[in-house]
Amino acid sequence: QVRLKDAIENVLVLLEIEAIAIGASIDVTIEPNLPIIHGDAVQIEQVILNLIRNGLDAVAELTGRHQITLRAIFVAPDTVEIEVCNTGPIIPEPVRAQLFRPFFSTKKEGLGMGLYIARMIVEAHGGTIECASDVARTCFRIRLPTNASQATA
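Reading guide: rules and limits
Residues numbered from 1 in each chain as written. Predicted model: local features only at pLDDT ≥ 70, side-chain atom pairs only at ≥ 80, totals over all residues. Heavy atoms only, no water. Helix = DSSP H or I, 4+ residues; strand = E, 2+ residues; numbered from the N terminus. Rg over C-alpha atoms; globule rule 2.2 N^0.38 Å. Contact = heavy atoms within 4.5 Å. Areas by Shrake-Rupley, 256 points an atom, 1.4 Å probe, with all protein chains shown as cover. Phe/Tyr/Trp six-rings, centres within 6.5 Å; stacked < 30°, edge-to-face > 60°. Buried < 20%, exposed > 50% of the residue type's maximum accessible area, 1.4 Å probe, protein only. Pairing = 2+ DSSP bridges. Axes fitted to C-alpha atoms, helices over the stretch in contact; angles between N-to-C directions. Core = buried A, V, L, I, M, F, W, Y, C linked by side-chain atoms within 4.5 Å. Disulfide = S-S within 2.5 Å.

Asks: What is the right way to look at the overall build of the chain in this model?
Replies: Scanning the chain from terminus to terminus reveals four helices and five strands. Taken against the 2.2 N^0.38 rule, which gives 15 Å for 153 residues, the C-alpha radius of gyration of the chain at 15 Å falls within 12% of a compact globule. Seen through its principal axes, the chain has C-alpha atoms that stretch 45 × 30 × 25 Å. When contacts within the chain are restricted to residue pairs at least 6 apart in sequence, those whose partners lie at least 24 apart make up 69%. When the accessible surface of the chain is split by element, carbon and sulfur atoms take 54% of a total near 8200 Å².

Below, the structure is given as structure tokens:
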């Protein structure tokens, strides 16, 4: 069972120093009383960690202060959404179409497995993951069911 608030806080402990080191901030909004997600807490933490770290990588080379935002909210009675956004450069549509494929990376030293594994974890938990990107920000949205009968993990 996964308490999203706990999972997010566990990840933030690991990444706050990295954010400070590059001059970025991580702003978090967690809706009160989010239901428990049925699944593996470590796997959900891995997805959140990957998305925030990717956001930090996206803004690391930019000048000025940059922001990562994370919010966890209800979007339906049986669905929660976790959204991780960054103020890094736009990801063009042809690249976005390939982001979740194995061995595809936009990083010089990337293996191209992070978002693929994130997608596999989210789907194993009965959810979806998508990416939207425009001139203002890039956002990854995860939707997960809260109903145990819909989750397979």
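There is more to say, and it comes next.
Asks: Could you clarify how one ought to interpret the packing of aromatic side chains in this entry?
Replies: Ring pairs (aromatic) are described by centroid distance and by the angle formed between their planes. For the coordinates displayed, the defined rule picks out one aromatic pair. Summarising the aromatic geometry, the rings of Phe100 and Phe140 are spaced 6.2 Å apart at their centres and angled 85° between planes, so their arrangement reads as edge-to-face. Residue Phe100 is located in the loop between α3 (93–96) and α4 (114–124), and its partner Phe140 is located in strand β5 (residues 138–145); the two are separated by 40 residues in the primary sequence. Classification of Phe140 as buried rests on a relative accessible area of 5%.

Asks: So what exactly am I meant to see when it comes to the sheet that holds strand β3 (residues 79–86) here?
Replies: Note: strands within a sheet are paired through backbone hydrogen bonds, in either parallel or antiparallel orientation. What the five strands build is an open sheet, ordered β1-β2-β3-β5-β4; its pairing is mixed. Looking at strand neighbours, the two that pair on one side only are β1 (24–30) and β4 (128–133), the edges of this open sheet. Across the sheet, the mean angle from the axis of one strand to that of its neighbour is 15°, orientation sign disregarded. Pairing of β4 with β5 involves six bridges; the strand directions are antiparallel. The partner of Cys131 across the bridge, within β5, is Phe140. Contacting β1, β2 (66–76) and β3, helix α1 (residues 4–21) runs over the sheet at an angle of about 170° to β1.

Asks: Looking at this structure, how should I read the nonpolar core?
Replies: Nonpolar side chains tend toward joint burial in soluble globular proteins. Within the largest apolar cluster, 38 residues are counted, with the highest numbers of intra-cluster contacts made by Leu4, Ile48, Leu51, Ile52, Ile82, Ile142 and Leu144. Listing elements by their share of this core, those giving two or more residues are α1, β1, α2 (41–60), β2, β3, α4, β4 and β5. When neighbours within four sequence positions are excluded, Ile48 is seen to be in contact with Ala7, Ile8, Val11, Leu70 and Ile82.

Asks: Quick question: what am I supposed to make of the state of the cysteines here?
Replies: Formally, a disulfide is one covalent bond, and it connects the sulfur atom of one cysteine to the sulfur atom of another. By the definition in use, this model includes one disulfide. Each disulfide pairs two cysteine sulfurs, and for Cys85 the partner residue is Cys139, the sulfurs being separated by 2.0 Å. Classification of the bridge connecting Cys85 and Cys139 rests on its S-S torsion, roughly 110°, and on that basis the disulfide is right-handed. With a gap of 54 residues between them, Cys85 in strand β3 and Cys139 in strand β5 connect regions that are remote in the sequence.

That's the geometry; what it means functionally is another story.
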